[in-house]
Amino acid sequence: MKVNLFIMFGMISVILLTACGTDGEESVSDKERKTKVEQTDRNEGEPQGDSGTSKKEEKGTKEGFLREVSQVGNFETFSMKENLGTIKSGPLSFKMKKVSVLKGIVDPGYRQGKLPDKKIDVVTFNLYGESEEREFQFDETHFTLRTGKGEIVEEPNGMLSSAVFPLAFVSGERFTVITFLLEESKAEEIQNVTFQIKAPTDKNGEPLGEDVKLDIDLS
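This one's a predicted model, so the numbers in the text were calculated from it and none came from an experiment. (Residues numbered from 1 in each chain as written. Predicted model: local features only at pLDDT ≥ 70, side-chain atom pairs only at ≥ 80, totals over all residues. Heavy atoms only, no water.)

Q: What am I meant to see in the confidence of the model for the protein chain here?
A: When pLDDT is low, close inspection of the predicted coordinates is not appropriate. Averaged over every residue, the pLDDT of the protein chain is 76; the share at 70 or more is 70%. Note on residues 1-7: pLDDT is under 50 here. Beyond four places in sequence and across chains, it has zero contacts. Across residues 14-64, where pLDDT falls below 50, the model places eight contacts with residues more than four positions away in sequence or in other chains. (pLDDT = per-residue confidence, 0-100. Contact = heavy atoms within 4.5 Å.)

Structure follows, in structure tokens:
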């Protein structure tokens, strides 16, 4: 009789221990599932771009791309002309989309001590550049402006222009802003300008085409 009671007590103990273990496993499993659901909800709540970049970051990148001088200050347009045709020199071709003559002041945060803290007069070009070759030399010093008042600006202002280098034009049309800062001419007096491009060169400095110029009437 004592033996039977001992066996029954042992079986009850095993059953109780098994039940406790099962409850513990289910509790851990439930906790893991809950954590995964919460994490999924957080991820789905964050707007993502195609590459995993948030839309806010993507928008900030696009806004940082200079397309108009008016993006970086308060400017008034005195004259403008669009669709000026295409000019070509050696392997390079430029679709001249627009020229604008403006006066205004650049925002303090954008000047970085390199632009005046007063109103400036500028002539800016919007164009698309493209190259048929990869091996050539070309930079911003190949652009020159001459105003109808006789002022010659030897090269664009780097703070108000796109970076210019050969590889920028080899992968298809590249939007480019070229801005000349005037020192002697006033925006309200400009009636015509001449945009000049010095031909690109090879590695030995030999020209790969002809120098070209575009006379533009803004009256």
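Q: I tried to follow the nonpolar core on my own but got confused; where do I start?
A: Generally speaking, a soluble globular protein has its nonpolar side chains buried in company with each other. One finds Phe94, Met96, Phe125, Phe138, Phe143 and Phe195 to be the most contacted residues of the largest nonpolar core, which totals 30 residues. Only β1 (73-89), β2 (92-106), β3 (120-131), β4 (143-147), β6 (174-182), β7 (192-197) and β8 (212-217) provide two or more residues apiece to this core. It is β2 that provides the largest number of residues to this core, a total of five residues. Residues in contact with Phe94, not counting those within four places in the same chain, are Gly85, Thr86, Ile87, Leu127, Tyr128, Gly129, Phe138, Phe143, Phe169 and Ile197. By size, the runner-up hydrophobic cluster in this structure holds eleven residues, among which are Val69, Leu102, Ile120 and Leu160. (Core = buried A, V, L, I, M, F, W, Y, C linked by side-chain atoms within 4.5 Å. Buried < 20%, exposed > 50% of the residue type's maximum accessible area, 1.4 Å probe, protein only. Helix = DSSP H or I, 4+ residues; strand = E, 2+ residues; numbered from the N terminus.)

Q: Would you mind showing me how to read the sheet that holds β8 here?
A: Paired through backbone hydrogen bonds, the strands of a sheet run either parallel or antiparallel to each other. Reading across from one edge, β5-β4-β7-β8 is the order of the four strands in this open sheet, with antiparallel pairing throughout. Of all strands in the sheet, those bounded by a partner on one side alone are β5 (152-153) and β8. Strand direction decides the pairing type here: β4 and β5, joined by two bridges, are antiparallel. Note that in β5 the partner of Leu145 across the bridge is Val153. (Pairing = 2+ DSSP bridges.)

Q: Even after reading the chapter, I still don't get the sheet that holds β1, so can you show me in this structure?
A: Taken in spatial order, the four strands of this open sheet run β1-β2-β3-β6, and their pairing is antiparallel. Strands with a single pairing partner mark the edges of an open sheet, and in this sheet they are β1 and β6. Going across the sheet, the axis of each strand differs from the next one's by a mean of 20°, ignoring polarity. Sheet topology places β2 next to β3; twelve bridges connect them, and they run antiparallel. Paired with Lys95 across the bridge in β3 is Tyr128. (Axes fitted to C-alpha atoms, helices over the stretch in contact; angles between N-to-C directions.)

Q: Honestly, the pairing of β1 in this entry has me stumped. Any pointers?
A: For a regular strand, the rule is simple: side chains alternate between the two faces of the sheet. Both β1 and β2 contribute to a ladder of 14 bridges, which runs antiparallel. Bridging from a neighbouring strand, Lys88 pairs with Ser93 of β2. A loop of two residues connects β1 with β2, the two strands running antiparallel in sequence, and Gly90 in this loop sits at a positive phi of about 60°.

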